[in-house]
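Examining the three-dimensional arrangement
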Amino acid sequence: MTDRQQRNIAVLPGDGIGHEIMAEAARVLEWVNKDHDLGLVLQHALVGGSAIDAHGSALPAETFAICEQADAILLGAVGGPKWDKLPPAERPEKAGLLEIRKRLDLFGNLRPAILYPQLADASSLKPEIVAGLDILIVRELTGGIYFGQPRGIRVLENGEREGYNTYVYNESQIRRIAKVAFELAQKRGGRLCSVDKANVLEVTMLWREVMDEMAKDYPDVELSHMYVDNAAMQLVRAPKQFDVVVTGNMFGDILSDAAAMLTGSIGMLPSASLDVNGRGMYEPCHGSAPDIAGQNKANPLATILSVAMMLRYSLNEPAAAQRIEDAVSTVLDQGFRTADIYSDGSTMVGTIEMGDAVLAALAAA
Ligand SMILES: NC(=O)C1=CN([C@@H]2O[C@H](COP(=O)(O)OP(=O)(O)OC[C@H]3O[C@@H](n4cnc5c(N)ncnc54)[C@H](O)[C@@H]3O)[C@@H](O)[C@H]2O)C=CC1
Ligand SMILES: CC(C)CC(=O)C(=O)O
Ligand SMILES: [Mg+2]
């Protein structure tokens, strides 16, 4: 061991398959930590429903303190039927996940949808439509309708209940996510598509105006605009027309799940959620999948690829990140598939066996 500076990584499995996928991702992280002498110290903590059960809160003070002091956070997924009846403000999704995102100001959510060539058969689209797919969805993560006030369920004078939320973005929120997206487009193919609903919603009329203003500072990026309903359609019609997509919180949430299927499964989609300084939380795009939880069926690759993103974006360890990405490609070459990406002729494995295969590929490289 050299005298490298210690860096703390908060490891928050969450709920449901979160425990299973995180166990594999943590094994991979520990392996590269040792092999590349990264000086990482993993600090495990509860979040979501498991934290409610243990401490009565989806984000206990101790967990938040660990996150706040960490150099990066790795999170599995939260939520599940057991906690669905709680009041909205106490639920794992809002009081756990959204609360961490908001309190740490993790506004820039990067969701790369890349088709590994080995998975062309697993995609729900024809191979020629998705071959070579490499899209980056940049989703605003701490504003929009998921956070807007007022919100709630009220009783009207006639006794009928009414649910309401507020879709709101101010200029500075739009400007800072635009900056992230334009800069990423500059480093990629130079094309940025901003997705909105500016034909109906004032908030996205402003979004579009600000995007156009920002475009003047990035003459090397070609900015286009698309309404979200068309974008959903274009994603499954001709997804390779997109390079970088930038959009608000809810549209990005929905479009990234759709984009996931182009890559074969939501179990393949990692993500990074960054603050202005590049400090971040890394998580798969999927949820806690109660339908397969506890059955050793979940695909851990989205979480393992999130570890790679963490090493690249927050820890400046591109060699270790590349090692993990190469190992994932190797296990796919070797034909190992969890059920969600299985196709005829490949070898069906469980969550743990997929983790074993990635570790074996790392050791063999
Ligand atoms: N980031 C987070 O923590 C998120 C949490 N959720 C929560 O998760 C719970 C379930 O939500 P759903 O809408 O069912 O979304 P989900 O993403 O958990 O599951 C949707 C479908 O995808 C499958 N799936 C998801 N991840 C998979 C993986 N790694 N390997 C194989 N198959 C996988 C599931 O089995 C299910 O059929 C809810 O409580 C929801 O609020 C949902 C999305 C994100
Ligand atoms: C609780 C949800 C907003 C989480 C989610 O679906 C996501 O971030 O993709
Ligand atoms: Mg989602």
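The structure presented is a predicted model; accordingly, all values stated were derived computationally and were not measured.

So, how was this worked out
- Residues numbered from 1 in each chain as written.
- Chains lettered and ligands numbered in written order.
- Predicted model: local features only at pLDDT ≥ 70, side-chain atom pairs only at ≥ 80, totals over all residues.
- Heavy atoms only, no water.
- Near = heavy atom within 4 Å.
- Polar contact = N/O pair within 3.5 Å; in protein donor to acceptor, adjacent residues only side chain to side chain.
- Areas by Shrake-Rupley, 256 points an atom, 1.4 Å probe, with all protein chains shown as cover.
- 1 Å grid on protein atoms, 1.4 Å probe; cavity = no way out; pocket = protein on both sides within 12 Å on 5 of 7 lines; lining within 4 Å.
- Sits in = over half its atoms within 2 Å of the grid points.
- Helix = DSSP H or I, 4+ residues; strand = E, 2+ residues; numbered from the N terminus.
- Nonpolar A, V, L, I, M, F, W, Y, C, P; charged D, E, K, R; others polar.
- Pairing = 2+ DSSP bridges.
- UniProt positions renumbered as here; feature names shortened; annotations may be inferred.
- Buried < 20%, exposed > 50% of the residue type's maximum accessible area, 1.4 Å probe, protein only.
- Contact = heavy atoms within 4.5 Å.
- Points joined across faces, edges and corners; volume = space filled by probe spheres on them.

Inspection of the region around ligand 1 gives 20 residues, with Val78, Glu93, Gly287, Ala289 and Asp291 positioned closest. Between an oxygen atom of ligand 1 and a side-chain N or O atom of Asp291, the distance comes to 2.8 Å. Within the backbone of Asn299, an N or O atom sits 2.9 Å from a nitrogen atom of ligand 1. The protein chains hide 69% of the 800 Å² of surface that ligand 1 would expose on its own.

Within the structure, ligand 2 sits among Glu93, Leu97, Leu98, Arg101, Arg111, Arg139, Tyr146, Asp253 and Cys285. Side-chain polar atom of Arg101 to an oxygen atom of ligand 2: 2.8 Å apart, as the coordinates give it. Taking Arg111, its side chain carries an N or O atom lying 2.9 Å from an oxygen atom of ligand 2. In the complex, the protein chains occlude 76% of the 280 Å² of accessible area that ligand 2 would expose alone. When atoms are counted within 2 Å of each cavity's grid points, the one that captures over half of ligand 2 is the largest pocket. The greatest single-element share of the shell around ligand 2, amounting to 4 residues, is contributed by helix 4 (residues 92–103). Class assignment for the residues of the shell around ligand 2 results in 4 nonpolar, no polar and 5 charged.

We now examine the pairing of strand 7 (residues 161–164). Here strand 6 (residues 152–155) pairs with strand 7 via 4 bridges, running antiparallel. Among the inter-strand pairings, Ile153 is bridged to a residue of strand 7, identified as Gly163. Between strand 6 and strand 7, which pair antiparallel and follow one another directly, the connecting turn spans 5 residues, one of which, Gly159, has a positive phi of 90 degrees.

Take the UniProt feature "domain: Isopropylmalate dehydrogenase-like" (unreviewed entry) in the protein next. Those places that UniProt annotates as "domain: Isopropylmalate dehydrogenase-like" (unreviewed entry) correspond, in this numbering, to residues 8–358. Counting secondary structure, residues 8–358 comes out at 40% helix and 19% strand; the distance between its end C-alpha atoms is 23 Å.

This part is about the UniProt feature "site: Important for catalysis" (unreviewed entry) in the protein. Per the UniProt entry, the sites bearing "site: Important for catalysis" (unreviewed entry) are Tyr146 and Lys197 in this numbering. Among the residues just listed, Tyr146 line the largest pocket. One can find Tyr146 in the loop between strand 5 (134–140) and strand 6. Looking at the element boundaries, Lys197 is found in the loop between strand 8 (191–196) and helix 7 (202–215). For Lys197, a relative accessible area of 18% puts it in the buried group. With sequence-adjacent residues up to four places away left out, Lys197 is seen in contact with Thr204, Tyr227, Val228, Asp229 and Phe251.

Let us look at the layout of surface pockets. Over the atoms, a rolled probe matching the size of one water molecule traces out where space is still vacant. Approximately 690 Å³ is the volume attributed to the largest pocket. Taken together, the elements giving at least two residues each to the lining of the largest pocket come down to strand 3 (72–77), helix 4, strand 6 and helix 9 (249–262). Looking at the lining of the largest pocket element by element, the count peaks at 5 residues for helix 4. Its residues assigned to classes, the lining of the largest pocket shows 14 nonpolar, 5 polar and 10 charged. Each pocket or cavity is described by its volume, and for the second largest pocket that value is around 420 Å³. Taken together, 16 residues form the lining of the second largest pocket, with Pro112, Ile114, Met309, Tyr313 and Glu325 sitting closest to its centre.

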